[in-house]
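Here's the letter readout for the chains.
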Amino acid sequence: MTSAFAHRTPTSYVLNCSTLLSELPVLERAAAAAAHGFADVEFWWPFDGQPAPSPEEVDGFVASLDEAGVSLTGLNFWAGNMAGGDRGMVSVIGRQDEFRRNVEITAEIGRRTGCRAFNALYGLRQDGQDAEAQDALAVENLVHAARAVETIGGIVLVEPVSGAEGYPLKTAADALAVVERVHDAGAANVALLADFYHLAVNGDDVAAVIEAHAASFGHIQIADAPGRGAPGTGELPLEAWIDRSRELGYTGPIALEYKQETETAFDWLDAAPVDVAR
């Protein structure tokens, strides 16, 4: 089998324009991604924490993609104030009206751009809110989101996250339990987002997760650890994990969601192939 990193071409990957190229204004990032050779991009919610941006703001974002000639292959739903510590609104009681309004706008962006993968960050445990009630609301919100994007052939992604103590989904098993609850509630188009970095630094057995679930992954994102830098800057066997996921039936994209200064962020794509599958 051809190694995942053997060709090292930007067109083999989706570039996350929220963790990379972040020194640029949002509306300039698609063009910068194209200039670096990428054809496919993904974004966290790109409207500065607003659940309901104006039509003009949405038009500007869509136009930035069209003018750059890149495809939007992944988009996060509104996740609150990420810079202020929020990590999603799916399970936060009292914010469901804002979240559902955001779902409408996100689905419309998907319709206009061809994007079909939508990441719904679960949200933090909240002081004064019952955890079971938060989880019940999360299922309701995820079903709502799944039905909204189903009309355009979309899928909702559920992601374990590291670095946020109050975020209850730490492992693949945590996220898959939510996915199962949503399936049981009647929405089939919901799947695990397998971010190998988050899983690894949370102590999950990534190789075992791949063996058990790769064929049903909704999406893969990568960064190396420690450091959350580019492949080869840390110690994770990313190449081996990607190759095995492919062998077991994963056919979706591989997204680059690492953090590194643009000056060196893509050096690994230009380098001669090396064995990073430690």
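Look up: the structure comes first, before these words.
Quantities reported herein were computed from a predicted structural model and do not represent experimental measurements.

Asker: Please set out the overall build of the chain residue by residue, giving values where relevant.
Answerer: When its secondary structure is counted, the chain shows ten helices and eight strands. The C-alpha atoms of the chain give 18 Å as radius of gyration, which agrees with the globular expectation for 278 residues (19 Å, within 12%). If one aligns the C-alpha atoms of the chain with their principal axes, the spans along those axes are about 50 × 45 × 35 Å. Counting only residues that meet the buried cut, the chain has 51% of its 278 residues in that class. Taking all contacts inside the chain whose residues are at least 6 apart in sequence as the whole, residues at least 24 apart take part in 77%. When the accessible area of the chain is evaluated, it comes to approximately 11,600 Å², of which 48% is carbon and sulfur surface. Between the centroid of the 18 positive side chains of the chain and the centroid of its 41 negative side chains there is a distance of 3 Å.

Asker: Describe the pairing of strand β2 (residues 40–43), with residues and values.
Answerer: Bridge count between strand β1 (residues 14–16) and β2: three bridges; the pairing is parallel. Note that in β2 the partner of asparagine 16 across the bridge is glutamate 42. Handedness of the crossover joining β1 and β2 through helix α1 (residues 26–35): right-handed. In this fold, the crossover linking β2 to strand β3 (residues 71–76) by way of helix α2 (residues 55–68) has right-handed handedness.

Asker: Talk me through the pattern of salt bridges; I want residue IDs and the actual numbers.
Answerer: A side chain of one charge can pair with a side chain of the opposite charge if their charged atoms are brought near each other. Considering all chains together, one arrives at nine salt bridges under this definition. A salt bridge links arginine 244 to glutamate 247; the shortest N-O distance between them is 3.0 Å. Taken together, the positions of arginine 244 and glutamate 247, both in helix α8 (residues 238–247) and three residues apart, correspond to about one turn of that helix. Accessibility expressed as a relative area gives 31% for arginine 244, which makes it partly exposed. When its relative accessible area of 46% is taken as the criterion, glutamate 247 is described as partly exposed. Here the salt bridges share partners, and the residues they tie into one network are Glu211, Arg244 and Glu247.

Asker: Give me the state of the cysteines: which residues, what numbers.
Answerer: This structure, assessed with the given rule, holds zero disulfides. As a non-bridged cysteine, cysteine 17 has cysteine 115 as the owner of its nearest cysteine sulfur, 12 Å distant. Look at cysteine 115 and you get buried, because its relative accessible area is 1%.

Asker: Just give me the short version of the packing of aromatic side chains, but keep the residues and values in it.
Answerer: According to the stated counting rule, one finds nine aromatic pairs in the structure shown. Measuring from centroid to centroid gives 5.0 Å for phenylalanine 43 and phenylalanine 61, while their planes differ by 90°, and the two rings are edge-to-face. Here phenylalanine 43 is found in strand β2, whereas its partner phenylalanine 61 is found in helix α2, with 18 residues between them in sequence. Their ring planes at 55° and their centres at 5.7 Å tell us that phenylalanine 77 and phenylalanine 99 sit as a pair that is tilted. Taken together, the residues span a long stretch of sequence, with phenylalanine 77 in the loop between β3 and α3 (96–113) and phenylalanine 99 in helix α3 at a distance of 22 residues. Through successive ring pairs, a cluster of aromatic residues spans Phe43, Trp45, Phe47 and Phe61.

Asker: Give me the lowdown on a negative patch on the surface, citing residues and values where you can.
Answerer: There is a patch of like negative charges on the surface, built from Glu23, Glu261, Glu263, Asp267 and Asp270. Checked against the element boundaries, aspartate 267 lands in helix α10 (residues 267–270). Taking the relative accessible area as the measure of exposure, aspartate 267 reaches 43% and is therefore partly exposed.

Asker: Can you break down the sheet that holds strand β5 (residues 155–158) residue by residue, with the values?
Answerer: Ordered by their spatial adjacency, eight strands build a closed barrel running β1-β2-β3-β4-β5-β6-β7-β8, and the pairing between neighbours is parallel. On average, each strand axis in the sheet is tilted by 30° relative to the strand beside it, whichever way the strands run. For strand β4 (residues 117–119) and β5, the ladder comprises three bridges, and the chain directions are parallel. Across the sheet, alanine 117 pairs through a bridge with isoleucine 155, a residue of β5.

Quick notes on the rules
- Residues numbered from 1 in each chain as written.
- Predicted model: local features only at pLDDT ≥ 70, side-chain atom pairs only at ≥ 80, totals over all residues.
- Heavy atoms only, no water.
- Helix = DSSP H or I, 4+ residues; strand = E, 2+ residues; numbered from the N terminus.
- Rg over C-alpha atoms; globule rule 2.2 N^0.38 Å.
- Buried < 20%, exposed > 50% of the residue type's maximum accessible area, 1.4 Å probe, protein only.
- Contact = heavy atoms within 4.5 Å.
- Areas by Shrake-Rupley, 256 points an atom, 1.4 Å probe, with all protein chains shown as cover.
- Lys, Arg positive; Asp, Glu negative; His and termini not counted.
- Charge placed at Lys NZ, Arg CZ, Asp CG, Glu CD.
- Pairing = 2+ DSSP bridges.
- Right-handed = clockwise from strand over helix to strand, strands pointing away.
- Salt bridge = Lys/Arg side-chain N within 4 Å of Asp/Glu carboxyl O.
- Disulfide = S-S within 2.5 Å.
- Phe/Tyr/Trp six-rings, centres within 6.5 Å; stacked < 30°, edge-to-face > 60°.
- Patch = residues over 30% accessible without salt bridge, like charges linked within 9 Å, V, L, I, M, F, W, Y side chains within 5 Å.
- Axes fitted to C-alpha atoms, helices over the stretch in contact; angles between N-to-C directions.

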